[in-house]
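# What the coordinates show
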Amino acid sequence: MAKFKAMVRYQRPDGYYTVYIRVSHNKKTQYIKTDKVVNKKGVDKNNSVSDPFVLKYCANKIAQYTEMLNMQDIRAWSVDDVINFLKSGTSEICFSDYARKYQAKMIQEGHARNARTYELAYQNLERFIGTTQVMFSHLTSTVITRWIESLSNTARAKEQYPVCVRQIFKQALIDYNDYDAGIIRITTNPWPKVKIPKCDTPRHRAITMEECRTFFYASLPESDRKYPLPELGRDVAMMILCLAGINTVDLYFAQKKNYHDDIIGYERRKTREARADNAWFEIRVPDIVKPIVEKYLDKTNSEYLFIFHTRHSTYDSFNANVNIGIRQICEKVLGIKHGEGYSGYTFRHTWATVAQNECGATLADVDFGLNHSHKTRLARTYVKIDFTPAWELNEKVVEKIFFTEDKSSANQNEEPENAFFRFSAKQLIKGTLYFRGKILATIEDIGFNNIEEVISHLMKELPDTIPPRTMVQIRIENKDKGQKQDYTRMVH
């Protein structure tokens, strides 16, 4: 059992002594500072407190600490564990404060754009609850469910915000709770009872080849601006479509040192921190888009390949202006209703759709061309990748759209039968490994990009006692979408 004693440690410049409660446990000692002070008369020769009033206060505090520890098994605790428990047990933990620290850490680690989404998420939750000091105890399943219902009219936030808050909450459980030592500082966890809805699918994620031709061959609306937004929108949309669906953020941050022999190399900023190969990709510039690439090349000593950074202070500003320009063409020239127009992402999806439906590419080919994460991404750190297949597929897409009059297949917007396979790293996935009906291992987490990643993680937990060449069963559930799928694997 821990031992306590009211002590002073040193005399302050004003002649007084700050009072501490000394905590001794497992042959180690630490101190808890109080708000009390004593003069020289209130201290004996052993630095023990002798002032009657302060001594009574410390005795009550020690009694409180003793009662708290009597309810715990602290034999395996360190003295630091004891101190942390005693301090946290007297006050609630603030979710808002922790969320701000979490966001600041994201920015320090180079995830500024994602950090902004997390900030918007917890700020929205604070507005819903009505305080900037939301406590973890406030976040019950009922409160979280009501908050999610308040987001029901949003297209993306109803999924995105709860996912962000859940991830903050999950990390807090890791940081504050020590289940092995029995230290449980956050006692609530609403998420197992909360269902996060799926965000709305944009109406124009991909357009037909005919619509694509109509867009690019349309006359730009009149503008008195030196750099008209419709022109910027059309040109960047053309670059996206003809450079294998490259993202606007990667165009904005592309660097001169990675451009040579008509080949643009880049690290996909969305996934470079999560991939061992830094999401490196190279795309050859087709002849049709070379004039546009030349038009926007930066001729100064800047490290950036394009001049976008000189006209737009941030990537978000650049992306917003590109989308405004595209929307102006849609509404002012093509007569498309407001809210139903295209965006830069439309042309990335169009590239993927044409590649698969019109050019005979497999889903693996499309994923490679789009620089998506893949189950072989670790091998990419050891193998020098040949990007030629992606270049050839890109040329086929460009040829099909701009140099034929072919019409798009009628089924381009149909949902694939294997839609379960399509989940994102932000969705909560549960995997369970069975042998003869007995559960061998379970994982429930976010961060998985495909089925094989989940299966691979579970198979690593397979006990050595399972005979080789026997079959095990795996059930994978998408908790956010309410879907499940079963698989079978042989033990090697």
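To keep things clear, this report deals only with the structure shown in the data block. (Residues numbered from 1 in each chain as written. Predicted model: local features only at pLDDT ≥ 70, side-chain atom pairs only at ≥ 80, totals over all residues. Heavy atoms only, no water.)

On to the sheet that holds strand β3 (residues 28-38), then. Pairing in this open sheet of three strands is antiparallel, and the strands run β1-β2-β3 from one edge to the other. Strands with a single pairing partner mark the edges of an open sheet, and in this sheet they are β1 (3-11) and β3. When strand polarity is set aside, the average angle formed by the axes of neighbouring strands in this sheet is 30°. Here strand β2 (residues 17-25) runs beside β3; their pairing, made up of eight bridges, is antiparallel. Paired with Thr 18 across the strands is Val 37, a residue of β3. Contacts from helix α1 (residues 52-70) reach β1, β2 and β3 within the one sheet, and its direction differs from that of β1 by about 135°. (Pairing = 2+ DSSP bridges. Helix = DSSP H or I, 4+ residues; strand = E, 2+ residues; numbered from the N terminus. Axes fitted to C-alpha atoms, helices over the stretch in contact; angles between N-to-C directions. Contact = heavy atoms within 4.5 Å.)

In total, this model carries 27 aromatic pairs according to the counting rule given. On the numbers, 6.4 Å between centres and 55° between planes, the contact of Phe 253 with Tyr 304 is tilted. Pair noted here: Phe 253 is in helix α9 (residues 248-253) and Tyr 304 is in the loop between α10 (290-295) and α11 (308-311), with a separation of 51 residues, a long-range link. Take Phe 253: its relative accessible area is 24%, and that puts it in the partly exposed class. Through a chain of ring-to-ring contacts, three or more aromatic side chains come together here, namely Phe 95, Tyr 98, Tyr 102, Tyr 118, Phe 136, Phe 169, Tyr 176 and Trp 191. Between the NZ or CZ atom of Lys 36 and the centre of the ring of Tyr 57, over which it lies, the distance is 4.6 Å. When the ring centre of Phe 253 is taken as origin, the NZ or CZ atom of Arg 269, which lies over that ring, is 3.8 Å away. (Phe/Tyr/Trp six-rings, centres within 6.5 Å; stacked < 30°, edge-to-face > 60°. Buried < 20%, exposed > 50% of the residue type's maximum accessible area, 1.4 Å probe, protein only. Lys NZ or Arg CZ within 6 Å of the ring centre and 35° of its normal.)

As a further point, take the pairing of strand β10 (residues 483-490). Relative to β10, strand β9 (residues 471-478) runs antiparallel, the two sharing eight bridges. In the strand pairing of β10, Arg 475 is matched with Asp 486. Linking two consecutive strands that pair antiparallel, namely β9 and β10, is a turn of four residues; a positive phi of about 70° is found at Gly 482 within it.

Turning our attention to the pairing of strand β5 (residues 263-267). Counting buried residues in β5 gives four out of five residues, a clear majority hidden from the surface. As paired strands, strand β4 (residues 259-260) and β5 are joined by two bridges and run antiparallel to one another. Of the residues in β5, the one forming a bridge with His 260 is Ile 263. In sequence, β4 turns back onto β5 through a hairpin of two residues, with Asp 261 there showing a positive phi of about 50°.

Time to look at helix α7 (residues 209-216). Listed in full, the buried residues belonging to α7 are Met 209, Cys 212, Arg 213, Phe 215 and Phe 216. Down the axis, α7 shows its buried residues gathered within 160° of arc, on one side only. Looking at the buried residues of α7, the elements they touch are α8 (229-242), α12 (315-333), α13 (344-357) and α15 (388-402). (Arc of directions from axis to C-beta.)

Now for the side chain of Thr 34. Following the sequence through the fold, Thr 34 ends up in strand β3. There is a polar contact of 3.2 Å between the side chain of Thr 34 and the backbone nitrogen of Lys 36. Leaving out residues up to four positions away in the same chain, Thr 34 has contacts with Thr 18, Val 19, Ile 21 and Tyr 57. (Polar contact = N/O pair within 3.5 Å; in protein donor to acceptor, adjacent residues only side chain to side chain.)

As a further point, take the packing of α8 against α15. Packed helices, taken two at a time, are described by their axes: the angle between them and the distance between them. Here α8 crosses α15 at 130°, and the two axes come no closer than 9 Å. Here α15 runs oblique to α8, going by the angle between their axes. Here Met 238, Leu 241 and Cys 242 of α8 come into contact with α15, specifically with Asn 394, Val 398, Ile 401 and Phe 402. Among the residues forming the contact of α8 with α15, the class breakdown is six nonpolar, one polar and no charged. (Parallel < 35°, antiparallel > 145°, perpendicular 65-115°, else oblique. Nonpolar A, V, L, I, M, F, W, Y, C, P; charged D, E, K, R; others polar.)

Ordered by their spatial adjacency, four strands build an open sheet running β8-β7-β9-β10, and the pairing between neighbours is antiparallel. Each having just a single partner strand, β8 (438-445) and β10 make up the two edges of the open sheet. Averaged over neighbouring strand pairs, the angle between their axes works out to 15° when direction is ignored. Across seven bridges, strand β7 (residues 429-435) lies against β8 in antiparallel orientation. If you follow Thr 432 over to β8, its bridge partner there is Thr 442. Of the strands in this sheet, β7, β8, β9 and β10 touch helix α16 (residues 451-459), which is tilted by about 130° from β9.

This structure, assessed with the given rule, holds 15 salt bridges. A salt bridge links Asp 35 to Lys 36, with the nearest nitrogen and oxygen atoms 3.9 Å apart. Linking Lys 295 and Glu 231 is a salt bridge whose minimum nitrogen-to-oxygen distance equals 2.4 Å. With Lys 295 in helix α10 and Glu 231 in helix α8, this pair connects stretches of sequence that are 64 residues apart. (Salt bridge = Lys/Arg side-chain N within 4 Å of Asp/Glu carboxyl O.)

Okay, a negative patch on the surface next. Taken together, the side chains of Asp 386, Glu 392, Glu 395 and Glu 399 present a region of like negative charge at the surface. Considering the arrangement of structural elements, one finds Glu 395 in helix α15. Overall, the relative accessible area of 31% leaves Glu 395 in the partly exposed class. (Patch = residues over 30% accessible without salt bridge, like charges linked within 9 Å, V, L, I, M, F, W, Y side chains within 5 Å. Areas by Shrake-Rupley, 256 points an atom, 1.4 Å probe, with all protein chains shown as cover. Lys, Arg positive; Asp, Glu negative; His and termini not counted. Charge placed at Lys NZ, Arg CZ, Asp CG, Glu CD.)

Turning to the packing of helix α3 (residues 95-108) against helix α6 (residues 157-176), a few remarks are in order. It is at 10 Å that the axes of α3 and α6 come closest, and there the two elements cross at 100°. On the basis of their axis angle, the class for α3 and α6 is roughly perpendicular. Facing α3, whose interface residues are Phe 95, Tyr 98, Ala 99 and Tyr 102, α6 presents Val 165, Gln 167, Ile 168, Phe 169, Gln 171, Ala 172, Asp 175 and Tyr 176. In terms of residue class, the contact of α3 with α6 is made up of nine nonpolar, two polar and one charged.

We now examine unusual backbone geometry. A positive phi angle is found at Ala 244, which is not glycine, with a value near 60°. Structurally, Ala 244 is set in the loop between α8 and α9. Looking at Ala 244, the relative accessible area reads 2%, which means it is buried. At Asp 262, a residue that is not glycine, the phi angle is positive and equals roughly 60°. Among the secondary structure elements, Asp 262 is positioned in the loop between β4 and β5.

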